[in-house]
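# Structure at a glance
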Amino acid sequence: MPAALPAPDLSDDSAPQRALISFVVPFYNEGVNVEHFHEAVTGTTLKLPYDLEFIYINDGSRDDTLARLLSLHAADPRVTVLDFSRNFGHQRAITAGMDHSAGDAVVIMDADLQDPPSVALELIEKWEEGYDVAYAQRRTRKDTFFKRVTADLYYRLLERIGDIKIPRNTGDFRLMDRKVVLEVMRYREHDRYMRGIVSGVGFKQVAVPFDRDERKHGESHYPWSKMMKLAGDGILGFSTFPLQVITRIGFVVAALAILLALYIGISKIIDPSSVVPGWSFIVISVLGVGSVQIITLGIIGSYVGRIYSEVQDRPLYSLQAVHVGTAHERRYPH
Ligand code: UDP
Ligand code: MG
């Protein structure tokens, strides 16, 4: 009788532990993408000499995303499912994923395969070369003309007025070494702009250019409202420029007032009768000052809003359940 192949002895502690890489992926109404994504990412990463764990966050989906994620969890012991009690948004979902990851490196990707798994391999190569952060940078994007133009303008603006350098045309598709993850996890701000936080923590960072694919299945969950919110978080979170603008507007208005006073003064000297019918000046200046005040209040208001949400200090998310992948329970920090 031929001897059976010896089963791998998982309890052997003397064997050197392989590095663990965590994939953190948020799912919001991505039922159609669950299996596609998992197949693609596990297929592509098959040959990697690392242990893998997949942390999939169900961000309050209303479709069958959770059920599908749970069957992956049942079939593949490397899959951990975090189930949010409601939709908390992409940025908090990836935060939760990082909080629950144990990997020596963490890769953050979108679930819709717009971030190609082959590029994740390139990010991992950069990590092997010794980089702490490898971020995927869009060389091209298959979006509408309007979205490309507005995105480009936005990144230019952010680059000009931002306090820290946030690389252009990068999303949240990136790899972070454990030490960067630990650092990023210390930022608990509520209006999160993760790519800004990651750029802000420093360490050795490198860009990996890639061509962003079109979404394969389903539709975008970033409507204009969410996009504007994220854009606002980027600016308000990493720039005090809007506050500086208030002061600048103040100076401009003051200068105008002085000019106006001079004009009236000179007119009075030259021709006293010319000043009386100047009610149009009054109306224009009242409206002008009024609108400046409103804009200014709006800007202050957005900062006050942030202070308010920090002071409230609410938890960033509430988990309904954590379905830990059994393969890596022994490494799980909790
Ligand atoms: N997403 C999420 N919560 C949300 C919106 C989006 O977890 O409230 C996830 C979504 O499932 C996807 C990723 O964030 O994995 C990027 O979203 P999407 O593809 O809709 O954005 P786009 O690529 O259009 O900017
Ligand atoms: Mg997408």
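Residues numbered from 1 in each chain as written. Chains lettered and ligands numbered in written order. Predicted model: local features only at pLDDT ≥ 70, side-chain atom pairs only at ≥ 80, totals over all residues. Heavy atoms only, no water.

### Description of the confidence of the model for the chain
The share of residues in the chain with pLDDT of 70 or more is 89%, and the mean pLDDT across the chain is 85. Among the scores for the predicted complex, ipTM is 0.97 and pTM is 0.81. (pLDDT = per-residue confidence, 0-100.)

### Overview of the sheet that holds strand 7 (residues 205–212)
Sheet architecture is open: eight strands sit in the order 7-5-6-4-1-2-3-8, paired in mixed fashion. Unpaired on one side and paired on the other, strand 7 and strand 8 (319–323) mark the two borders of the sheet. Pairwise comparison of adjacent strand axes, ignoring direction, gives a mean angle of 20 degrees for this sheet. Judged from the four bridges that link them, strand 3 (residues 79–84) and strand 8 form a sheet pairing that is antiparallel. Looking at the pairing, valine 81 lines up with histidine 323 of strand 8. In this fold helix 4 (residues 117–128) packs onto strand 1 (20–27), strand 4 (105–108), strand 5 (133–141), strand 6 (170–177) and strand 7, with an angle of close to 40 degrees to the strand it touches most, strand 6. Here helix 7 (residues 194–201) sits on the sheet in contact with strand 5, strand 6 and strand 7, set at roughly 40 degrees to strand 6. (Pairing = 2+ DSSP bridges. Helix = DSSP H or I, 4+ residues; strand = E, 2+ residues; numbered from the N terminus. Axes fitted to C-alpha atoms, helices over the stretch in contact; angles between N-to-C directions. Contact = heavy atoms within 4.5 Å.)

### Some remarks on the environment of leucine 158
Mapped onto the secondary structure, leucine 158 falls in helix 5 (residues 145–161). In contact with leucine 158, other than residues within four places in its own chain, are Ile166, Tyr193, Gly234 and Ile235.

### Digging into the nonpolar core
Of all hydrophobic cores here, the largest spans 33 residues; its most connected members are Ile21, Phe23, Tyr56, Met109 and Phe173. The leading source of residues in this core is helix 4, at five residues. Not counting the four nearest positions on each side in its chain, phenylalanine 173 is found in contact with Val107, Ile108, Met109, Asp115, Pro116, Val119, Ala120, Leu123, Tyr135, Ala136 and Phe210. Ranked by size, the runner-up nonpolar core spans 32 residues in total, among them Val24, Ile55, Ile161 and Val184. (Core = buried A, V, L, I, M, F, W, Y, C linked by side-chain atoms within 4.5 Å. Buried < 20%, exposed > 50% of the residue type's maximum accessible area, 1.4 Å probe, protein only.)

### Focus on the coordination of the magnesium ion (ligand 2)
Those protein atoms acting as donors to the magnesium ion (ligand 2) are Asp112 (OD) and Gln114 (OE1), and they sit at 1.9 Å. One exposure class covers both aspartate 112 and glutamine 114, and it is buried. (Donors = N, O, S within 2.8 Å, 3.2 Å for Na, K, Ca; no water.)

### Structural notes on the pairing of strand 4
By the alternation rule, side chains of strand 4 split into Ala105 and Val107 and Val106 and Ile108, which are all buried. Of the strand pairs in this sheet, strand 1 and strand 4 are connected by four bridges, and their pairing is parallel. What sits directly across from phenylalanine 23, in strand 4, is valine 107. Both strand 4 and strand 6 contribute to a ladder of four bridges, which runs antiparallel. Note that in strand 6 the partner of valine 107 across the bridge is leucine 175.

### Regarding the site of ligand 1
Neighbouring residues of ligand 1: 19 residues in total, closest Asp59, Asp112, Gln114, Ser220 and His221. Within the side chain of lysine 226, an N or O atom sits 2.7 Å from an oxygen atom of ligand 1. When isolated, ligand 1 has an accessible area of 530 Å², and the protein chains bury 94% of it. Split into classes, the residues belonging to the shell around ligand 1 amount to five nonpolar, six polar and eight charged. (Near = heavy atom within 4 Å. Polar contact = N/O pair within 3.5 Å; in protein donor to acceptor, adjacent residues only side chain to side chain. Areas by Shrake-Rupley, 256 points an atom, 1.4 Å probe, with all protein chains shown as cover. Nonpolar A, V, L, I, M, F, W, Y, C, P; charged D, E, K, R; others polar.)

### Re the pattern of salt bridges
The full count for this structure, using the stated rule, is 20 salt bridges. For arginine 78, the salt bridge is made with aspartate 76, and the minimal N-O distance between the two is 3.0 Å. Sharing partners across several salt bridges, the network here consists of Asp191, Lys229, Asp233 and Arg306. (Salt bridge = Lys/Arg side-chain N within 4 Å of Asp/Glu carboxyl O.)

### Let's talk about the environment of leucine 72
By the element assignment, leucine 72 lies in helix 2 (residues 65–75). Separated by 40 residues in sequence, leucine 72 and valine 32 place their C-alpha atoms 13 Å apart. In this structure leucine 72 touches Val34, His38, Tyr56 and Val79, once residues within four positions along its chain are discounted.

### A look at the packing of aromatic side chains
Taken as a whole and judged by the stated rule, the model has 11 aromatic pairs. Geometrically, the ring pair formed by phenylalanine 54 and tyrosine 56 is tilted, given 6.1 Å between the ring centres and 40 degrees between the ring planes. This pair shows no difference in class: phenylalanine 54 is buried, exactly as tyrosine 56 is. The structure contains a cluster of three or more aromatic residues connected by ring pairs, namely Phe23, Phe27, Phe37, Phe54 and Tyr56. Its guanidinium or amino end placed over the ring of phenylalanine 88, arginine 86 lies 3.9 Å from that ring's centre, counting from NZ or CZ. Looking at lysine 204, its charged tip hangs above the ring of tyrosine 131, at a distance of 5.0 Å from the centre. (Phe/Tyr/Trp six-rings, centres within 6.5 Å; stacked < 30°, edge-to-face > 60°. Lys NZ or Arg CZ within 6 Å of the ring centre and 35° of its normal.)

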